[in-house]
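A closer look at the structure
Residue-level listing of the chains:
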Amino acid sequence: MRREDVLALAGRMLLATVFLASAFGKITNFEATTRYMEANGMSMAPFYCAAAVVLEALGAISLILGYFARWGAAALAGFLVAATWIFHAAPEQRIQLLKNLAVVGGLLQIVAYGP
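Residues numbered from 1 in each chain as written. Predicted model: local features only at pLDDT ≥ 70, side-chain atom pairs only at ≥ 80, totals over all residues. Heavy atoms only, no water.

1. Topic: the environment of Gly105
Mapped onto the elements of the fold, Gly105 is located in helix α5 (residues 94-113). As a C-alpha pair, Gly105 and Ala77 span 28 residues in sequence and 8.3 Å in three-dimensional space. (Helix = DSSP H or I, 4+ residues; strand = E, 2+ residues; numbered from the N terminus.)

2. What about the side chain of Thr33?
Mapping Thr33 onto the fold places it in helix α2 (residues 30-39). Ignoring sequence-local partners within four residues, the contact set of Thr33 consists of Gly25, Lys26 and Cys49. (Contact = heavy atoms within 4.5 Å.)

3. Concerning a nonpolar patch on the surface
On the surface, a cluster of nonpolar side chains totalling about 930 Å² of accessible area is made up of Leu20, Val54, Leu58, Ile61, Leu65, Tyr67, Phe68 and Trp71. The dominant element in the nonpolar patch, judged by the number of residues it contributes, is helix α3 (residues 45-65), at four residues. A relative accessible area of 67% means that Trp71 is categorised as exposed. (Patch = residues over 30% accessible without salt bridge, like charges linked within 9 Å, V, L, I, M, F, W, Y side chains within 5 Å. Areas by Shrake-Rupley, 256 points an atom, 1.4 Å probe, with all protein chains shown as cover. Salt bridge = Lys/Arg side-chain N within 4 Å of Asp/Glu carboxyl O. Buried < 20%, exposed > 50% of the residue type's maximum accessible area, 1.4 Å probe, protein only.)

4. Focus: the nonpolar core
In terms of nonpolar packing, the biggest core is built from 14 residues, with Leu15, Phe19, Leu63, Val103, Leu107 and Ile110 touching the most fellow members. Per-element tally for this core: the top contributor is helix α4 (residues 69-87), with five residues. In this structure Leu107 touches Leu15, Phe19, Leu63, Ala73, Leu76 and Ala77, once residues within four positions along its chain are discounted. Grouped together as the second largest cluster of nonpolar side chains are six residues, Met37, Ala45, Cys49 and Phe87 included. (Core = buried A, V, L, I, M, F, W, Y, C linked by side-chain atoms within 4.5 Å.)

5. Let's talk about helix α1 (residues 3-28)
The terminal C-alpha atoms of α1, which comprises 26 residues, lie 37 Å apart, in line with the 38 Å expected from a rise of 1.5 Å per residue. Within α1, burial applies to Arg12, Leu15, Ala16, Phe19, Ala23 and Lys26. Where α1 is buried, its residues meet α2, α3, α4 and α5. (Expected span 1.5 Å × (residues − 1).)

Written out as structure tokens, the structure reads:
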């Protein structure tokens, strides 16, 4: 295996870790997560929370396996832009917003160049 392939896999795995951990957190704290979503103005929070778990998990798996990785990365990037806009637009959330934008940048690299 070439060094570039190993580095690409490591990068995809590190990106995927963020989304797997987030999905796990939503599953294990579902009620608290839906209350937080509702407090931020989201209606149908249980539905959107469950949808986020599915999207994060499937997107992360696609990144790890390199199977439909461009599609998975694009879906995760869109999700992350929306979540960042909804939950991290306030001035006190600036660092979280910038971190999320950096992750979006990594995901867009996968969309552009593949796994």
